[in-house]
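Survey of secondary and tertiary structure
Given next are the chains, with one letter for each unit.
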Amino acid sequence: MRILAIDVGTGTQDILLFDSSEVVENCPKLVMPSATSAIAKRIEAATAAGEALLLTGVTMGGGPCGWAAERHLKAGLPIYATPDAARTFDDHLENVSAMGAEVVSDDEAATLRNVTPIRMQDVDRAAVTTALRAFGVDDAWDAMAIA
């Protein structure tokens, strides 16, 4: 049995592709920046460029991306966010609006122009698959565990 286990933290995500037919020390392991850290860098780049943001995707852990979003708003730059993405910053959407972000429906988001899109998600399965393949690791697994 092969299990892809990912521990998502504030700064890093620790990834283990456990294979029950191998000694655990020989199973592929990766320590990569967490999604919230990577998204924070994208927000910071948009802030430096003076760009409006459109956040879509799912509710994820906040931390670095939330702090970067606050700095973006304090710089006087707009953030538009779909409800699920906005809940990354607070479960109560009125609080997200109060911090200065504009919560928009998926239909409204599709009509926005001149915005930098950022997809919110804690785990990017495609990126993990790409990383494993880059090292010649079979990227098939039977189960996934995320903490």
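Every value quoted in this text rests on a predicted model; they were computed, and no experiment measured them. (Residues numbered from 1 in each chain as written. Predicted model: local features only at pLDDT ≥ 70, side-chain atom pairs only at ≥ 80, totals over all residues. Heavy atoms only, no water.)

Concerning the sheet that holds strand 3 (residues 29-33)
Put simply, the rule is: In short, DSSP must find at least two bridges between two strands for them to pair. Counting from the N terminus, the helices are DSSP H or I runs at least four residues long and the strands are E runs at least two residues long. Throughout, an axis means a line fitted to C-alpha atoms (over the contacting stretch in the case of helices), and angles, computed between N-to-C directions, take values from 0 to 180 degrees.
The 4 strands lie next to each other as 3-2-1-8, forming an open sheet whose pairing is mixed. At either margin of the open sheet sits one strand with a lone partner, and together these are strand 3 and strand 8 (143-146). Strand-to-strand, the axes of this sheet are offset by a mean angle of 15°, without reference to chain direction. In terms of strand pairing, strand 1 (residues 2-8) meets strand 8 through 4 bridges, oriented parallel. Opposite leucine 4, over in strand 8, you have methionine 144 as the bridge partner.

A word on the environment of leucine 55
Inclusion rule: Type-normalised accessible area, obtained with a 1.4 Å probe on protein chains alone, sets the label of each residue: buried when under 20%, exposed when over 50%, and partly exposed for intermediate values. Here a residue-residue contact requires only that any non-hydrogen atoms of the pair lie within 4.5 Å.
Counting through the fold element by element, leucine 55 comes out in strand 4 (residues 52-57). Overall, the relative accessible area of 0% leaves leucine 55 in the buried class. Between the alpha carbons of leucine 55 and threonine 82 there is a distance of 6.5 Å; along the sequence they are 27 residues apart. With sequence-adjacent residues up to four places away left out, leucine 55 is seen in contact with Ile79, Tyr80, Ala81, Thr82, Ala85, Phe89, Ile118 and Met120.

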